[in-house]
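Residues per chain are reported as follows:
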Amino acid sequence: MKPETNLIMSIIGIVAIDQNLAIGKGGKLPWHYSADMKFFKETTLGNAVVMGRVARSLTRHTFVIGGAKIYESFQPHIDKWIVTEIPLVVAGADTFMPANFLEGFEMYELRQLDDGLRVKFYEREGSLPNSRRSTMYPKHHAG
Ligand SMILES: NC(=O)c1ccc[n+]([C@@H]2O[C@H](COP(=O)([O-])OP(=O)(O)OC[C@H]3O[C@@H](n4cnc5c(N)ncnc54)[C@H](OP(=O)(O)O)[C@@H]3O)[C@@H](O)[C@H]2O)c1
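Residues numbered from 1 in each chain as written. Predicted model: local features only at pLDDT ≥ 70, side-chain atom pairs only at ≥ 80, totals over all residues.

### Focus: the site of the ligand
- The local shell around the ligand holds 17 residues, among which Gly24, Gly66, Gly67, Ala68 and Lys69 are the closest.
- Elements with a minimum of two residues in the shell around the ligand: strand S1 (11-17), strand S2 (22-24) and helix H2 (68-74).
- Residue contributions to the shell around the ligand peak at four residues, all from H2.
- Of the residues that constitute the shell around the ligand, the class distribution is seven nonpolar, seven polar and three charged. (Near = placed C-beta within 6 Å. Helix = DSSP H or I, 4+ residues; strand = E, 2+ residues; numbered from the N terminus. Nonpolar A, V, L, I, M, F, W, Y, C, P; charged D, E, K, R; others polar.)

### A closer look at the environment of alanine 93
- Within the element layout of this structure, alanine 93 appears in the loop between strand S6 (80-85) and strand S7 (95-96).
- For alanine 93, a count of 17 C-beta atoms within 10 Å puts it in the partly exposed group.
- For the pair formed by alanine 93 and glycine 24, sequence separation is 69 residues and the distance between their alpha carbons is 5.9 Å.
- With residues up to four places along the chain from it excluded, the contact list for alanine 93 reads Asp18, Ala22, Gly24, Lys25 and Pro30. (Buried ≥ 20, exposed ≤ 12 C-beta atoms within 10 Å, placed from the backbone. Contact = placed C-beta atoms within 7 Å.)

### Remarks on the pairing of S6
- Here six bridges tie S1 to S6, and the two strands are oriented parallel to one another. Note that in S6 the partner of valine 15 across the bridge is valine 83.
- For S6 and strand S9 (residues 118-124), the ladder comprises six bridges, and the chain directions are antiparallel. Across the sheet, the residue bridging to lysine 80 is glutamate 123, located in S9. (Pairing = 2+ DSSP bridges.)

### Topic: the pairing of S9
- The sheet contact formed by strand S8 (residues 105-112) and S9 spans seven bridges and is antiparallel. Bridging across to S9, leucine 110 finds its partner in lysine 120.
- Where S8 hands over to S9, the hairpin turn is made up of five residues, of which aspartate 115 adopts a positive phi near 65°.

These figures capture arrangement, not role.
Have a look at this one:
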């Protein structure tokens, strides 16, 4: 039987940013890191995602997966951010996260991916006691 905490739904923003907070260029992701794609799939699989005009039913966790306009629209409702730091400065990037998008959030987990990527997990300040944080991390629901 799954722990009860799995039933708690949260709205989670998931994003990859370069060192200047760039997220896109010419309508595409300006990098290809298979470690991050794998992490993204494992994390979001089986959950609802919100992107562009597509919003799936609100079950389990809901992941807001961008782009910039979508992140901006959902920012007030986002409980957690999962942020992959891309060790690049993308020349000519045209889409960025707002400088303050993590304001009011605190990091509670740091994960190292392959390809030298780091993922930081944030939640709203004071939202949970320390003891519950690990159980609130959205495990993927594959299989
Ligand atoms: N690095 C990352 O993690 C990441 C993640 C996702 C995307 N990206 C990048 O971000 C860039 C795209 O971002 P963007 O800001 O141009 O576009 P976007 O946020 O992806 O929005 C796409 C479209 O969704 C519709 N939309 C936006 N807000 C809406 C709302 N509140 N209600 C209904 N529809 C809404 C709009 O369609 P209409 O114009 O038809 O109204 C908009 O053009 C791309 O380069 C992409 O690769 C990066």
